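Structural features, examined
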Amino acid sequence: MKKSWILSFIMSFVLLGGVFAPAGSYASAADDSTTTYSEDEYYEVDTTEEEPELTAEEAEFLDYLDALTTPAVYEKKALDAVGGSTYITSSNRKSFYLKLNNTAIPNYTKYVSMLKQIKPENAELKKIHAKLIKGSYAQLEGYQLFKKSVAKTKVNSNLLKQGNDKIATGIKSIQQYHAEIKAYGEKLGYQM
């Protein structure tokens, strides 16, 4: 049970850009024993469940998911700066340019750089991770094209379209990554 809870928490954080667990859950998880006593005797009953040892593949998978939590912070900052759907006009292009230049591109560059530093040893996990890097890099290129398209006083619609195409390519690759990492986790016995 604990194994699936940890995995769910890490995947939620990575895939949704951060999850806040209630503070009380940490305190209750720390105390896994119950004290029982009567007038004559006092004894402590251990209520922790014995978890089976992790296989090397499971341990590497959990380490991989854990390694994704730090880069996810930068991804969230970048995506929050850009916003969901933004319609760019000549009147809002300067503020969009500043968001891209000052927040989104630097944070997303850091995110992609940190993803490239994660090197899973498992061949299947390495292949899946490559799709995340490919999709994230395509999105970074899309943001850079957006920046170029709004750098001048007139919005360059050709560059804007190229940026949208790069973002769409990146999203497709990242969605493929999510499907494959979910299948990989379920193959190892995790509920995802």
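Refer to the preceding data block for the structure.
All values reported here derive from a predicted model rather than from experimental measurement.

A short note on the packing of aromatic side chains
- Considering all chains together, one arrives at six aromatic pairs under this definition.
- Aromatic pair F61 and Y190: ring centres 5.8 Å apart, planes at 35°, arrangement tilted. In this pair, F61 is assigned in helix α3 (residues 56-67) and Y190 in the segment after α7 (157-187), connecting sequence segments 129 residues apart.
- Of the residues examined, Y190 reaches a relative accessible area of 3% and is grouped as buried.
- Measuring from ring centre to ring centre gives 5.2 Å for Y108 and Y111, while their planes differ by 55°; the resulting arrangement is tilted. Placement of the pair is Y108 and Y111 together in helix α5 (residues 93-117), with a separation of three residues, close to one helical turn. Per residue, the accessibility class of Y108 equals that of Y111, and both read buried.
- Taken together, the ring pairs connect F96, Y108, Y111, Y143 and F146 into an aromatic cluster.

Things to note about the packing of α3 against helix α6 (residues 123-149)
- Remark: α3 packs on α6, axes separated minimally by 12 Å, with the N-to-C direction vectors making an angle of 15°. In terms of their interaxial angle, α3 and α6 are classed as roughly parallel. For α3 against α6, the interelement crossing comes out right-handed. Here E60, F61 and Y64 of α3 come into contact with α6, specifically with L125, H129 and L132.

Definitions and cut-offs
Residues numbered from 1 in each chain as written. Predicted model: local features only at pLDDT ≥ 70, side-chain atom pairs only at ≥ 80, totals over all residues. Heavy atoms only, no water. Phe/Tyr/Trp six-rings, centres within 6.5 Å; stacked < 30°, edge-to-face > 60°. Helix = DSSP H or I, 4+ residues; strand = E, 2+ residues; numbered from the N terminus. Buried < 20%, exposed > 50% of the residue type's maximum accessible area, 1.4 Å probe, protein only. Axes fitted to C-alpha atoms, helices over the stretch in contact; angles between N-to-C directions. Parallel < 35°, antiparallel > 145°, perpendicular 65-115°, else oblique. Left-handed = near helix turned anticlockwise from the far one by under 90°. Contact = heavy atoms within 4.5 Å.

Spatial relationships are all this shows, so hold off on functional conclusions.
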